[in-house]
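# Structure at a glance
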Amino acid sequence: MKISRGLRFAFAVTLIALTAILLQARGRTEIIANRLPLSSFPAQLGNWDSTQIELDNETLAILGAGDFLERVYQNPASKLPAIDLFLAYFPSQRTGDTIHSPQHCLPGAGWNPEENTRVTLSLPGHGPFPANRYVIAKGDARKLVLYWYWAHDRGVASEYWAKYYLVKDSIRMNRSDGALVRIVSDMFPGETPDAAQQRILPFASAVGPLLDDYIPR
């Protein structure tokens, strides 16, 4: 039986509200983990050099209280498309500032979904985890989007599972921090999603070992 979008949204909101209630009821000061600011994330990864993308005030207001980074990485010796990396880290989600799914904002920017599937990623330093593979199109242009929710060395694809673990970790660890990792690249004309994913994976593998410094276990 399919669950309506409204019911799924209500379920997610209920989980967030339950987290706040439980944290307040326990009367504990939430633990804010030590970490490096995203501004110190390497501007060069292997052969990829980057250009910083400054987020505008409207975007920052929508995102809420957190630490955010967007950079476009390009290998100057290669003719491959650039790769856009977006990291969003929320030190606390107990006040309602939670992670937004890219599937909510990308269509609003004029991109239409062509494919939405789950893949398994295995990045150095971390066990295999599920991620979202999202193909979007605008006119003749197509992009491949890989994204996942990351918290405490755990990656999940589902925003609802991310909310579940938010509640669980709030109780077990007295922490409600979490992050979104999103990697986007233009696709060549006629390029398959599988081929585009394989092309992006070396970059994702360069990002993976760094996550613990900026998104604490």
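Described in the following lines is the structure provided in the data block.

Parameters at a glance
- Residues numbered from 1 in each chain as written.
- Predicted model: local features only at pLDDT ≥ 70, side-chain atom pairs only at ≥ 80, totals over all residues.
- Heavy atoms only, no water.
- Helix = DSSP H or I, 4+ residues; strand = E, 2+ residues; numbered from the N terminus.
- Buried < 20%, exposed > 50% of the residue type's maximum accessible area, 1.4 Å probe, protein only.
- Contact = heavy atoms within 4.5 Å.
- Areas by Shrake-Rupley, 256 points an atom, 1.4 Å probe, with all protein chains shown as cover.
- Salt bridge = Lys/Arg side-chain N within 4 Å of Asp/Glu carboxyl O.
- Core = buried A, V, L, I, M, F, W, Y, C linked by side-chain atoms within 4.5 Å.
- Expected span 1.5 Å × (residues − 1).
- Bend = angle between axes of the 7 residues up to and from the residue.
- Phe/Tyr/Trp six-rings, centres within 6.5 Å; stacked < 30°, edge-to-face > 60°.
- Lys NZ or Arg CZ within 6 Å of the ring centre and 35° of its normal.
- Pairing = 2+ DSSP bridges.

## A few points about the overall build of the chain
Secondary structure assignment for the chain yields 6 helices and 9 strands. Within the chain, buried positions represent 45% of all 217 residues. Residue pairs at least 24 apart in sequence account for 68% of intrachain contacts in the chain once pairs closer than 6 positions are excluded. For the chain, the accessible area works out to roughly 11100 Å², and carbon and sulfur atoms hold 57% of it.

## A look at the pattern of salt bridges
This model, assessed by the stated rule, comprises 13 salt bridges. With a closest N to O distance of 2.5 Å, Asp-153 and Arg-217 form a salt bridge. Of this pair, Asp-153 sits in the loop between strand E7 (141-151) and strand E8 (154-156) while Arg-217 sits in the segment after helix H6 (211-214), placing them 64 residues apart in sequence. We classify Asp-153 as partly exposed; its relative accessible area is 27%.

## Re the nonpolar core
The nonpolar side chains of a soluble globular protein tend to be buried with one another. Grouped together as the largest cluster of nonpolar side chains are 34 residues, with contacts concentrated most on Phe-41, Leu-85, Trp-148 and Phe-203. Mapped by element, the contributors of at least two residues to this core are strand E3 (67-74), strand E4 (83-90), strand E5 (112-121), strand E6 (129-138), E7, strand E9 (178-186), helix H5 (193-207) and H6. Looking at this core element by element, the count peaks at 6 residues for H5. Those residues in contact with Phe-41, other than ones at most four positions away along the chain, are Leu-69, Arg-71, Tyr-73, Leu-85, Leu-87, Val-207, Leu-210 and Tyr-214.

## Digging into unusual backbone geometry
In this structure, Asp-153 takes a positive phi of about 65° despite not being glycine. Even without a glycine there, the phi angle at Asn-174 is positive, about 60°. Considering the arrangement of structural elements, one finds Asn-174 in the loop between helix H4 (159-172) and E9.

## With respect to H5
For H5, which comprises 15 residues, the first-to-last C-alpha distance of 20 Å matches the rise-based estimate of 21 Å (1.5 Å per residue) to within 8%. Along H5, the helix axis deviates most sharply at Leu-201, where the bend reaches about 35°; the proline Pro-202 sits within four residues downstream.

## Some words on the environment of Leu-85
Within the fold, Leu-85 resides in strand E4. Among residues more than four places away in sequence, those in contact with Leu-85 are Phe-41, Leu-69, Glu-70, Arg-71, Tyr-73, Val-181, Arg-182, Ile-183, Phe-203 and Val-207.

## Some thoughts on the packing of aromatic side chains
Counting across every chain of the model gives 10 aromatic pairs. Between the aromatic rings of Trp-161 and Tyr-164, the centroid separation amounts to 5.3 Å while the plane-to-plane angle is 90°, which identifies the pairing as edge-to-face. Note that Trp-161 and Tyr-164 are positioned in helix H4 at a spacing of 3 residues, about one turn of the helix. Ring pairing ties together the aromatic residues Trp-48, Tyr-73 and Phe-203, which thus form one cluster. In this structure, Arg-154 is placed above the aromatic ring of Tyr-165, and the distance from its NZ or CZ to the ring centre is 4.0 Å.

## Some thoughts on the pairing of E7
For E7, the buried fraction is high: 8 of the 11 residues fall into the buried class. Of the strand pairs in this sheet, E6 and E7 are connected by 7 bridges, and their pairing is antiparallel. Residue pairing in the sheet places Lys-138 in a bridge with Ala-141 of E7. In this structure, E7 lies alongside E9, joined through 8 bridges in antiparallel fashion. Note that in E9 the partner of Val-145 across the bridge is Val-184. Where E7 lies against E8, 3 bridges are found, and the strand directions are antiparallel. Paired with Ala-151 across the two strands is Arg-154, which belongs to E8. If you look at the hairpin formed by E7 and E8, you'll find 2 residues sitting between the two strands, and His-152 has a positive phi there, around 55°.

Purely spatial values, then, with no claim about function.
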